[in-house]
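Summary of the model geometry
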Amino acid sequence: METKPLTGRFREDGRAVSLKEYHAAGGYDGLMMALSMHPDNVQKRVQDARLRGRGGAGFPTGLKWSFVPRTPGDKYFIVNADEMEPGTFKDRELMERDPHQVIEGAAIGAYAIGAHTAYIFIRGEYRYAEKCLQQALDEAYLQGILGKRVMGRDYALDIHLHLSGGRYICGEETALLNALEGKRPIPRAKPPFPQVAGLFGQPTVVNNLETVCNLPHIMRLGPEWYLSLSRCEDGGTKLYGVSGPVNRPGLWELQLGTTAREILEIQAGGMRPGHELRAFQPGGASTDFLLPEHLDVPLDFDSVMAVGSRLGTGCLIVLDRQTCPVKMVLNLETFFARESCGWCTPCRDGLPYTETVLRDLVAGRGCHEDLELLQEMIQWMAPGNTFCALAPGAMAPLQSALRYFREDFERYAGKGDG
Amino acid sequence: MSTSSLTPDEITAIRKALDTYLWPEAAAVDALYIVQQRHGWVDDAKLEAVAGVLGLSPAYLDSLATFYPLLHRKPVGRKVIRYCDSVSCWLMGSDRLAASLRERLGIGEGETTSDGAYTLLPHPCLGACHQAPVAMVADRLLTGLDPADPDTLLEEGDGN
């Protein structure tokens with residue numbers, strides 16, 4: 001049985017898998033199978049497979065779908081391909097190298113919730129990915145895979161691509177809806193949840209692109225097989241990436257629950273000569289730092305949560321001993337301050353404030369009180385105090401850095417005191 | 001409102017984008033991209049013309065245009081260089097790459113050279129972190145850059 005369903009068809013030369021190649025490898029069999037089932041049974045199959053969202057939050061996909069009302073009326077299915085979490089480079093690969101997998105997954109998701117229109121929301125910088133997807137969409141329409149009668153069945157589906165203007169906040173589910181509607185992309189209050197009142201006021205599901213790419217395989221090979229892929233309670237493989245000073249930075253499809261040690265030491269070939277591991281972020285810029293003592297933690301949703309971080313996007317960022325952790329946190333907070341949408345005060349004012357305090361510390365203009373100020377900022381921007389998860393996410397690396405690299409912060413603080 | 005600053009092709013393309021959505025606001029970003037594609041940026045006259053085609057107020061359209069860093073409301077150079085300044089590229093020397101670009105061009109971040117050839121912009125993570133540091137020139141991604149070598153970026157697209 002297949003062990004790398006998402007990346008197994010990738011071509012060596014890096015070019016996109018053609019429709020012919022995709023068909024030959026069982027492509028669109030999953031959609032055909034879904035169309036022969038009642039949408040409720042498609043949902044059940046995905047629930048049984050224990051697929052959790054790969055965008056960062058890890059919400060069970062089948063459960064998310066089940067909140068869509070069964071009443072008639074327009075519904076929308078949206079693929080979130082606004083990959084902008086610093087350190088993350090997985091969805092781009094999936095779009096550029098196997099675009100039909102994205103389309104098949106989107107069609108299955110749309111069918112499962114009774115949507116006849118789907119959008120793939122792509123970040124504006126991913127022009128080549130858009131081109132690959134557009135080409136695949138054109139092929140799919142030409143072959144009758146999409147359109148008025150999907151694969152000859154009594155089900156109509158149109159899939160549109162939307163190229164974003166490029167802001168991190170657009171990846172937030174409800175801000176994405178505003179962006180797609182042509183409103184200023186700020187987050188919306190919940191409830192109502194998008195599954196009840198989403199795009200254009202209609203029931204809508206937004207799923208991360210990697211999540212969607214799992215759907216054809218769950219349909220085709222079943223929940224039991226899918227569960228057997230992983231090392232934990234949740235099903236499937238995961239795209240894990242590593243960036244930073246390692247020997248072979250890259251992206252690999254591995255069993256969900258593979259340890260950080262296996263990924264860093266075996267897949268990424270360990271640290272570069274002369275570099276020593278100090279810490280790593282397990283899933284993008286908004287995840288808490290972990291230490292070498294956490295290397296044997298399985299990188300699955302629950303295990304990473306248990307040691308005080310999040311699986312996030314599964315793309316690891318490596319900090320070595322040569323690099324100053326305070327400066328690294330300054331780089332992270334500069335990003336978050338710039339990307340705050342400005343809608344709620346704690347984030348709009350708190351993030352630039354945090355950035356300024358860090359910048360002063362690094363410049364030798366700080367003092368010990370600044371460390372207390374930073375701690376206060378973490379409280380002001382804790383979950384529940386802001387409109388969405390952007391600012392709490394920004395605080396994650398800061399709070400773990402203050403805990404793990406206290407001496408580095410103290411050293412800077414001492415400079416200003418004198 | 002006058003639409004004379006748009007070409008017939010642009011108006012056709014914008015009308016086509018409108019068909020993809022339930023209401024005209026939703027086509028705003030597409031429409032601005034269409035105009036920017038041919039002119040490099042969106043000036044006031046074109047913004048007003050696009051607003052006219054979509055049936056929106058220019059102020060509303062501008063509130064969107066100014067939210068998005070990929071849409072330009074000021075003139076830019078013939079080549080827009082966006083170097084990634086997010087964490088993975090920073091770990092691999094993007095600060096030094098930025099410094100060598102600034103020095104070579106004699107401009108700061110967000111500025112355009114006086115001959116109108118280059119605009120230099122810092123940009124959030126470009127999603128190719130395993131090949132850091134990276135940058136985009138126009139729509140093209142360049143990876144595995146040498147932080148000490150600004151010329152690869154400056155010469156991108158010349159004679160090929």
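Residues numbered from 1 in each chain as written. Chains lettered and ligands numbered in written order. Predicted model: local features only at pLDDT ≥ 70, side-chain atom pairs only at ≥ 80, totals over all residues. Heavy atoms only, no water.

With that settled, the discussion passes to the layout of surface pockets. The calculated volume of the second largest pocket comes to roughly 740 Å³. Surrounding the second largest pocket, 22 residues form its lining, E130, Q134 and L161 of chain A together with K16 and D30 of chain B being those nearest its centre. Only α7 (127-142) and β3 (158-163) of chain A together with α1 (8-18) and α2 (28-39) of chain B provide two or more residues apiece to the lining of the second largest pocket. In terms of residues, the lining of the second largest pocket owes the most to one element, α7 of chain A, which gives six residues. When its residues are assigned to classes, the lining of the second largest pocket shows 10 nonpolar, five polar and seven charged. (1 Å grid on protein atoms, 1.4 Å probe; cavity = no way out; pocket = protein on both sides within 12 Å on 5 of 7 lines; lining within 4 Å. Points joined across faces, edges and corners; volume = space filled by probe spheres on them. Helix = DSSP H or I, 4+ residues; strand = E, 2+ residues; numbered from the N terminus. Nonpolar A, V, L, I, M, F, W, Y, C, P; charged D, E, K, R; others polar.)

Residue and element names in this part refer to chain A. Counting residues in hydrophobic clusters, the biggest one holds 148 residues, and the most contacted among them are F77 and F409. Here F409 is in contact with V326, L358, L361, L371, L374, L398, A401 and L402, once residues within four sequence places are set aside. In terms of nonpolar packing, the next biggest core, distinct from the first, is built from 21 residues, M271, L295, L299 and F301 among them. (Core = buried A, V, L, I, M, F, W, Y, C linked by side-chain atoms within 4.5 Å. Buried < 20%, exposed > 50% of the residue type's maximum accessible area, 1.4 Å probe, protein only. Contact = heavy atoms within 4.5 Å.)

With that out of the way, let us pick up the sheet that holds strand β2 (residues 118-123) of chain B. Residues and elements named next belong to chain B. Taken in spatial order, the four strands of this open sheet run β2-β1-β3-β4, and their pairing is mixed. Looking at strand neighbours, the two that pair on one side only are β2 and β4 (140-142), the edges of this open sheet. Sheet twist, expressed as the average angle between the axes of neighbouring strands with direction ignored, equals 25°. Direction of pairing for strand β1 (residues 79-84) relative to β2: parallel, over a ladder of six bridges. Residue K79 lies in a different strand from β2, and its bridge partner there is Y118. On the sheet, helix α6 (residues 94-105) packs against β1 and β2 and is oriented at approximately 155° with respect to β1. (Pairing = 2+ DSSP bridges. Axes fitted to C-alpha atoms, helices over the stretch in contact; angles between N-to-C directions.)

Our focus in this paragraph is the domain arrangement of chain A. All names here are of chain A. By the assigned domains, chain A splits into domain 1 (19-229), domain 2 (237-320) and domain 3 (325-417). Inter-centroid distance (C-alpha atoms) of domain 2 to domain 3 is 23 Å. Taken together, the contact pairs 12 residues of domain 2 with 15 residues of domain 3. Overall, the association of domain 2 and domain 3 removes approximately 1100 Å² of surface from exposure, summing both partners, and the carbon and sulfur fraction of that is 67%. Considering only the side of domain 2, the residues that lose the most area to domain 3 are R278, D288 and F289, jointly responsible for 48% of the buried surface there. The tally of links from domain 2 across to domain 3 stands at two salt bridges. Here E407 ties to R278 by a salt bridge, and the two come within 3.3 Å at their closest N and O atoms. (Domains from an automatic or database assignment. Buried area = accessible area lost by both parts, 1.4 Å probe. Salt bridge = Lys/Arg side-chain N within 4 Å of Asp/Glu carboxyl O.)

Here the focus is empty space enclosed by the protein. By the definition in use, this model includes two cavities of 30 Å³ or more. In terms of lining residues, the largest cavity is bounded by 14 residues, among which S340, C341, C344, C347 and C388 of chain A are the most central. Taken together, the residues that form the lining of the largest cavity break down as 10 nonpolar, three polar and one charged. Its volume calculated, the second largest cavity comes out at about 40 Å³. Forming the boundary of the second largest cavity are G87 of chain A together with C84, S86, V87, S88, C89, C125, L126, G127, A128, C129 and V134 of chain B. Looking at the lining of the second largest cavity element by element, the count peaks at three residues for helix α5 (residues 87-91) of chain B. Across the lining of the second largest cavity, the residue classes tally to eight nonpolar, four polar and no charged.

For an interface, size is often stated in terms of accessible area lost upon the parts coming together. The domain boundaries assigned to chain B delineate domain 1 (8-65) and domain 2 (79-154). When each unit is reduced to the centre of its C-alpha atoms, the spacing between domain 1 of chain B and domain 2 of chain B is 29 Å.

What follows concerns the pairing of strand β1 (residues 76-81) of chain A. Moving residue by residue along a regular strand, the side chains alternate between the two faces of the sheet. Residue and element names in this part refer to chain A. Of all six residues that make up β1, six are buried, and the element is covered over most of its length. Because side chains alternate across β1, one face comprises the buried residues Y76, I78 and N80, and the other comprises F77, V79 and A81, equally buried. Bridge count between β1 and strand β2 (residues 117-122): six bridges; the pairing is parallel. Residue V79 lies in a different strand from β2, and its bridge partner there is I120.

Another point: the pairing of strand β6 (residues 250-255) of chain A. All names here are of chain A. As judged from the six bridges shared by strand β5 (residues 237-243) and β6, these two strands associate in the antiparallel manner. Bridging across to β6, L239 finds its partner in E253. The turn joining β5 and β6, which pair antiparallel and follow one another in sequence, is formed by six residues; a positive phi near 115° is taken by G244.

Here we take up the interface of chain A and chain B. With 52 residues of chain A in contact, the opposing surface of chain B contributes 37 residues. Notably, a salt bridge pairs R338 of chain A with D85 of chain B, separated by 2.9 Å at the nearest N-O pair. Remark: the boundary between chain A and chain B carries 17 residue pairs in polar contact (both at pLDDT 80 or more). Counting only elements with at least two residues in the side of chain A that touches chain B, the list comes to α5 (91-97), β3, α8 (173-181), β5, β8 (315-320) and α12 (325-339) of chain A. By residue number, the principal contributor to the side of chain A that touches chain B is α12 of chain A, which donates seven residues. Split into classes, the residues belonging to the side of chain A that touches chain B amount to 24 nonpolar, 14 polar and 14 charged. (Polar contact = N/O pair within 3.5 Å; in protein donor to acceptor, adjacent residues only side chain to side chain.)

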